[in-house]
Amino acid sequence: MANPILHGVVGGLLWNVTGLEIPKLADDVLAPLAKAASPVALVAVGMSMVNYGIRGNLAIGGVLAIIKSLLMPLVVFVVAAYVVGLPSVWVGVATLIAACPTGVFSFIMANQFGTGHAMSTNGIAITTTISIFMVSFWLLFIQVQGY
């Protein structure tokens, strides 16, 4: 497991399982870093848009955006509602979360592996743009389905 992001996730999960609290000194150091992580990552994506723009891998980014915005929420809805049988509120929340735009994590992974920068940047930009309509669509869909 050579991925430092996975190291952090697994380490945090293991720490959480122990039930121990984070020492105050460590929390005082980590809290501001945690608050800054998302904005810094979004700035990095925005700065990469200068290099890549919405071009190059536009077709692939568009297909990924359609899969992320249409197929993923539908699969989550079907699994949550009919396979697992979650309560209505959980089905709705899970579906809406699945309909949210692609996060910056795809760009971070592309950056770490040195490939797919333009594709991930396009996917983020396209899903963010169409999420205005897609999240509204899925919200209406959930309401019509009675969830």
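Quick caveat, the model's predicted, so the values are computed rather than measured. (Residues numbered from 1 in each chain as written. Predicted model: local features only at pLDDT ≥ 70, side-chain atom pairs only at ≥ 80, totals over all residues. Heavy atoms only, no water.)

1. A look at the side chain of S69
Thinking step 1. Take S69: it is sitting in helix α3 (residues 58–83).
Thinking step 2. Sequence-distant contacts of S69, defined by excluding residues within four places in its chain, comprise T127, I130, M134 and W138. (Helix = DSSP H or I, 4+ residues; strand = E, 2+ residues; numbered from the N terminus. Contact = heavy atoms within 4.5 Å.)

2. Here's the deal with the side chain of S131
Thinking step 1. Tracing the backbone shows S131 in helix α6 (residues 117–145).
Thinking step 2. Among the residues examined, S131 registers a relative accessible area of 12% and is labelled buried.
Thinking step 3. If we ignore the near neighbours within four places in the chain, the residues touching S131 are P101 and S136. (Buried < 20%, exposed > 50% of the residue type's maximum accessible area, 1.4 Å probe, protein only.)

3. Description of a nonpolar patch on the surface
Thinking step 1. Nonpolar side chains collect at one region of the surface, where I60, V63, L64, I67, L71, L74, V75, V78, V79, Y82, V83 and V84 lie side by side and expose about 1,000 Å² of accessible area between them.
Thinking step 2. You can see V75 is positioned in helix α3. (Patch = residues over 30% accessible without salt bridge, like charges linked within 9 Å, V, L, I, M, F, W, Y side chains within 5 Å. Areas by Shrake-Rupley, 256 points an atom, 1.4 Å probe, with all protein chains shown as cover. Salt bridge = Lys/Arg side-chain N within 4 Å of Asp/Glu carboxyl O.)

4. Some points on the confidence of the model for the chain
Thinking step 1. In the predicted model, the chain carries a mean pLDDT of 85, and the fraction of residues at 70 or more is 93%.
Thinking step 2. When the elements of the chain are averaged for pLDDT, helix α5 (residues 105–113) gives the smallest value, 79, and helix α4 (residues 88–99) the largest, 94. (pLDDT = per-residue confidence, 0-100.)

5. Observations concerning the nonpolar core
Thinking step 1. Core analysis: the biggest nonpolar cluster contains 5 residues, these being A41, V45, V104, F107 and I124.
Thinking step 2. Aside from chain neighbours lying at most four places away, what touches I124 is V45, T102, G103, V104, S106 and F107. (Core = buried A, V, L, I, M, F, W, Y, C linked by side-chain atoms within 4.5 Å.)

6. Some details on the packing of aromatic side chains
Thinking step 1. Evaluated as defined, the whole model comprises 6 aromatic pairs.
Thinking step 2. Ring centres of W138 and F141 lie 5.0 Å apart, and the angle between their planes is 75°; this geometry places the pair in the edge-to-face category. With a gap of 3 residues between them, W138 and F141 both fall in helix α6, about one helical turn apart.
Thinking step 3. An aromatic cluster is defined as three or more aromatic residues linked by ring pairs; in this entry it consists of F77, Y82, F137, W138, F141 and Y147. (Phe/Tyr/Trp six-rings, centres within 6.5 Å; stacked < 30°, edge-to-face > 60°.)

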